[in-house]
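# Coordinates in review
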Amino acid sequence: MASISARRLAKELNEIRSEGCPVGIALVKADDFETWWFSIEVMGESLYKDEKHMLQFRFDSSYPISSPAVQFVTIEGHTAPIHPHVYSNGHICASILGNEWSPVLSVVAVCVTLQSMLASCKKKERHAFIMTT
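A quick note: this is a predicted structure, and the numbers were derived from the prediction, not measured.

### Focus on the pairing of strand β1 (residues 25-29)
- With four bridges connecting them, β1 and strand β2 (residues 35-40) associate as antiparallel partners. Opposite Ala 26, over in β2, you have Ser 39 as the bridge partner.
- Linking β1 to β2, which pair antiparallel, is a turn of five residues.

### Observations concerning the nonpolar core
- Judged by nonpolar contacts, the single largest core of 30 residues is most densely connected at Trp 36, Phe 38, Leu 55 and Phe 57.
- Elements represented by at least two residues in this core include exactly α1 (4-19), β2, β3 (53-58), β4 (69-73) and α2 (107-119).
- Considering each element in turn, this core owes the most residues, seven residues, to α2.
- In contact with Trp 36, other than residues within four places in its own chain, are Leu 9, Glu 12, Leu 13, Ile 16, Lys 29, Ala 30, Leu 55, Gln 56, Phe 57, Phe 59 and Val 107.

### Brief notes about the sheet that holds β4
- The strand order across the open sheet built from four strands is β1-β2-β3-β4, with neighbouring strands paired in antiparallel fashion. With partners counted over all chains shown, the strands left at the sheet margins are β1 and β4, one partner each. Within this sheet the neighbouring strands show an average axis-to-axis angle of 30°, counted without direction.
- Inspection of the sheet shows β2 paired to β3 by six bridges, in the antiparallel sense. Note that in β3 the partner of Ser 39 across the bridge is Met 54.
- Its contacts with the sheet put α1 on β1 and β2, and the angle it makes with β2 is roughly 35°.

### Re unusual backbone geometry
- A cis amide bond links Tyr 63 with the next residue in sequence, Pro 64, at an omega value of 10°.
- Here Pro 64 is to be found in the loop between β3 and β4.
- Backbone geometry at Asp 50 places phi at a positive 70°, although glycine is not the residue there.
- Tracing the backbone shows Asp 50 in the loop between β2 and β3.
- Among the residues examined, Asp 50 registers a relative accessible area of 71% and is labelled exposed.

Definitions and limits used
- Position numbers for residues count from 1 along each chain, tracking the sequence in the order it is written.
- Selection of residues for local features in this predicted model requires a pLDDT of at least 70, selection of side-chain atom pairs for listing and counting requires 80 or more, and totals for whole chains, interfaces and linings are taken over all residues.
- Water and hydrogen atoms were dropped before computing side-chain values, which therefore reflect all heavy atoms in the structure.
- Two strands pair if DSSP finds at least two bridges between them.
- Secondary structure follows DSSP: runs of H or I at least 4 residues long count as helices, runs of E at least 2 residues long count as strands, and numbering of each begins at the N terminus.
- Among the buried residues, those of types Ala, Val, Leu, Ile, Met, Phe, Trp, Tyr and Cys that are joined through side-chain atoms within 4.5 Å form a nonpolar core.
- Only protein chains enter the calculation, and the probe is 1.4 Å; a residue is then buried if its accessible area is under 20% of its type maximum, exposed if over 50%, and partly exposed in between.
- Only heavy atoms matter for contacts: two residues are in contact if any of them lie within 4.5 Å across the pair.
- Simply put, an axis is a line fit to the C-alpha atoms, just over the touching stretch for a helix, and the angle between two N-to-C directions goes from 0 to 180 degrees.

By themselves, these are just geometric observations and shouldn't be taken as functional.
As structure tokens, this is what we get:
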């Protein structure tokens, strides 16, 4: 019998393949239930116009109870966007990937949220590191 995680991911992948993704989001690779890749771009006027970024989703056996690990990756000419909630290594500071994660959220919902985060950005700047001593 398939795990809850595998059943959920199979359902999401079937929906993506049959219904497609929202505009600006595309499934690039999903060969297994461990790692998926999506391209994401902001449509319309924004600071990120004409930029395409790559997202990597990593799932563990407790998905969807726990959130996927999601980050922007530098691969095949794609770079992590310069954004206040994105570290230079591509890690994303977003509440829905942490304490506000809910099992009702889907991979596509996360992509749309990150697309919206980029679209609403008013100033391109890196996430500030705060050092304490």
